[in-house]
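Chains, contacts and geometry: an overview
Each chain is listed here by its residues.
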Amino acid sequence: MLLEVRDLHVEFHTRDGVARAVNGVSYAVEAGETLAVLGESGSGKSVTAQAVMGILDMPPGRITAGEVLFEGRDLLKLKEEERRKVRGAEMAMIFQDALSSLNPVLTVGDQLGEMFTVHRGMSRKDARAKAVELMDRVRIPAARERVRQYPHQFSGGMRQRIMIAMAMALEPKLIIADEPTTALDVTVQAQVMELLAELQREFRMGLILITHDLGVVADVADKIAVMYAGRIVESAPVHDIYKAPAHPYTRGLLDSIPRLDQKGRELYAIKGLPPNLTRIPPGCAFHPRCPMAQEVCRTDVPPLYDVTESDAERGSACHFWRECLHG
Ligand SMILES: Nc1ncnc2c1ncn2[C@@H]1O[C@H](COP(=O)(O)OP(=O)(O)O)[C@@H](O)[C@H]1O
Ligand code: SF4
Ligand SMILES: [Mg+2]
């Protein structure tokens, strides 16, 4: 297994109390596989990713338990210096906002080139040639000229391509893309997502794609982990989830995707708001919003039940997963 996160717990000490942002998350990604992590804003998707990458703000954040196994090695046990070597060379991250991730006072060529001068000890001239090659690879037109430009001279979509190029530079084994297309226009979103998926296949990288948009994952993901209040509430191969969700929260997310064949129909929205993480509801955290909630849901935390029906592993943290799946 390329990456295996085991029972990860992260909390933040805030003025409001302890925010339990990640409460026992486990997921795994193999080489060449894409895992989509899905959930409303505030469900702990980014914090989990930051813990994996080793870029979590500590303090205020604190990893209280868990393991992050990368090719079998627990990254949480490494010294910062060793950790830094893994970052960039072995795993890289793509963020939503390229403009704040790129350095505004360096040309994109210098920033891309730095990956090779710093990490690979290349000469400036060779690094520049590599930068142009990378820009070509992410299909930025006129790369040879544009390599001299600054980030603000590129459109949002082109900047996101530069971020992808930066992440790809050292040919990492794992890429974590955190809402990589959220800030873009819909048509540009599709192009950037396609590029990412294509590169992932070509290089057989593991890809963790974080998104709150179920619409974009159907074509690119192999499997999905749905997060709610810092837990994985459903995990399954992508096709199984689209066929029939095994958790009412997943069903709510699916029902709130706009569909072309149902134009004019009022869009479903999950009622209420995600919980305050300093005061997560007892029992099933989703119960105040769940249309299927029963008495037991208020008191008993549902474990991640094994709901595997075919050969691909599947889990749901719902006491009534059978009713959800077959109802
Ligand atoms: N720097 C921080 N300081 C305090 N709390 C934080 C910080 N970052 C994240 N959190 C807490 O963790 C929760 C989950 O955040 P995040 O993982 O970013 O959610 P998302 O699923 O939208 O990516 C937030 O709602 C917040 O309560
Ligand atoms: S355990 Fe109960 S409240 Fe939670 S999702 Fe299932 S039915 Fe809804
Ligand atoms: Mg996030």
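Basis of the calculations
- Residues numbered from 1 in each chain as written.
- Chains lettered and ligands numbered in written order.
- Predicted model: local features only at pLDDT ≥ 70, side-chain atom pairs only at ≥ 80, totals over all residues.
- Heavy atoms only, no water.
- UniProt positions renumbered as here; feature names shortened; annotations may be inferred.
- Pairing = 2+ DSSP bridges.
- Helix = DSSP H or I, 4+ residues; strand = E, 2+ residues; numbered from the N terminus.
- Contact = heavy atoms within 4.5 Å.
- Axes fitted to C-alpha atoms, helices over the stretch in contact; angles between N-to-C directions.
- Near = heavy atom within 4 Å.
- Polar contact = N/O pair within 3.5 Å; in protein donor to acceptor, adjacent residues only side chain to side chain.
- Areas by Shrake-Rupley, 256 points an atom, 1.4 Å probe, with all protein chains shown as cover.
- Nonpolar A, V, L, I, M, F, W, Y, C, P; charged D, E, K, R; others polar.
- Buried < 20%, exposed > 50% of the residue type's maximum accessible area, 1.4 Å probe, protein only.
- Lys, Arg positive; Asp, Glu negative; His and termini not counted.
- Salt bridge = Lys/Arg side-chain N within 4 Å of Asp/Glu carboxyl O.

- As annotated in an unreviewed UniProt entry, the protein chain carries the name ABC transporter ATP-binding protein and is attributed to Streptomyces viridiviolaceus.
- Taken directly from UniProt, the Sequence similarities (unreviewed entry) text for the protein chain runs: "Belongs to the ABC transporter superfamily."
- UniProt annotates the protein chain under Subcellular location (unreviewed entry) with the comment "Cell membrane".

1. Some thoughts on the sheet that holds strand S1 (residues 3-14)
- Within the open sheet, the four strands sit side by side as S2-S1-S4-S5. Their pairing is antiparallel. Strands with a single pairing partner mark the edges of an open sheet, and in this sheet they are strand S2 (17-29) and strand S5 (73-74).
- Of the strand pairs in this sheet, strand S4 (residues 61-70) and S5 are connected by two bridges, and their pairing is antiparallel. When the bridges of S5 are listed, Leu69 appears paired with Asp74.
- Against the sheet, helix H1 (residues 45-53) touches S1, S2 and S4, its axis set at about 115° to S1.

2. With respect to the UniProt feature "domain: ABC transporter" (unreviewed entry) in the protein chain
- According to UniProt, the "domain: ABC transporter" (unreviewed entry) feature falls on residues 3-254.
- Along residues 3-254 one finds 40% helix and 28% strand; the C-alpha atoms at either end are 27 Å apart.

3. Observations regarding the site of ligand 1
- Phe12, Ala21, Glu40, Ser41, Gly42, Ser43, Gly44, Lys45, Ser46, Val47, Pro60 and Leu277 make up every residue found near ligand 1.
- Within the contact set of ligand 1, an oxygen atom lies 3.0 Å away from a backbone nitrogen or oxygen of Gly44.
- For ligand 1, an oxygen atom lies 2.8 Å from a polar atom in the backbone of Val47.
- Burial of ligand 1 by the protein amounts to 67% of the accessible area it has alone, namely 560 Å².
- If one sorts the elements of the shell around ligand 1 by residue count, H1 sits on top with three residues.
- Taken together, the residues of the shell around ligand 1 break down into five nonpolar, five polar and two charged.

4. With respect to the side chain of Gln111
- Tracing the backbone through its elements, the reader meets Gln111 in helix H4 (residues 108-120).
- Given a relative accessible area of 6%, Gln111 falls into the buried group.
- Not counting residues within four places of it along the chain, the set of residues in contact with Gln111 comprises Leu102, Asn103, Leu106, Pro151 and Met166.

5. Some remarks on the side chain of Arg161
- Counting through the fold element by element, Arg161 comes out in helix H7 (residues 156-168).
- Despite its burial, Arg161 pairs with no opposite charge, the nearest such side chain being Glu194 at 7.8 Å.
- Separated by 2.9 Å, the side chain of Arg161 and the backbone oxygen of Val138 make a polar contact.
- With sequence-adjacent residues up to four places away left out, Arg161 is seen in contact with Val138, Arg139, Ile140, Gln191 and Leu195.

6. As for the sheet that holds strand S7 (residues 174-178)
- Strands sit in the order S6-S7-S8-S3-S9-S10-S12-S11 across an open sheet of eight strands; the sheet is mixed. The open sheet has two edge strands, strand S6 (91-94) and strand S11 (305-306), and neither has a second partner.
- Pairing geometry for S11 and strand S12 (residues 315-316), over two bridges, is antiparallel. Along S12, the bridge assignment pairs Asp306 with Gly315.
- Along the sheet face, helix H8 (residues 186-203) touches strand S3 (34-38), S6, S7 and strand S8 (206-211) and points at about 160° away from the line of S8.
- Docked against the sheet, helix H11 (residues 248-255) engages S3, strand S9 (223-228) and strand S10 (231-237), running at close to 105° with respect to S9.

7. Remarks on the pairing of S1
- Note that S1 and S4 share eight bridges and pair antiparallel. Within S4, the position partnered with Glu11 by the bridge is Arg62.
- Where S1 and S2 come together, ten bridges link them in antiparallel fashion. The partner of His13 across the bridge, within S2, is Val18.
- Where S1 folds back on S2, the antiparallel hairpin that results is connected by two residues.

8. Structural notes on the pattern of salt bridges
- For the structure on display, the rule yields 18 salt bridges.
- Of the charged contacts in the structure, one is a salt bridge between Arg6 and Glu67, with a shortest N-O distance of 3.4 Å. Taken as a pair, Arg6 in strand S1 and Glu67 in strand S4 lie far apart in primary sequence, 61 residues in all.
- The residue Glu11 makes a salt bridge to Arg20 at a minimum N-O spacing of 3.0 Å.
- With relative accessibility at 40%, the residue Arg20 sits in the partly exposed group.
- Through salt bridges that share partners, Glu4, Arg6 and Glu67 make up one connected network.

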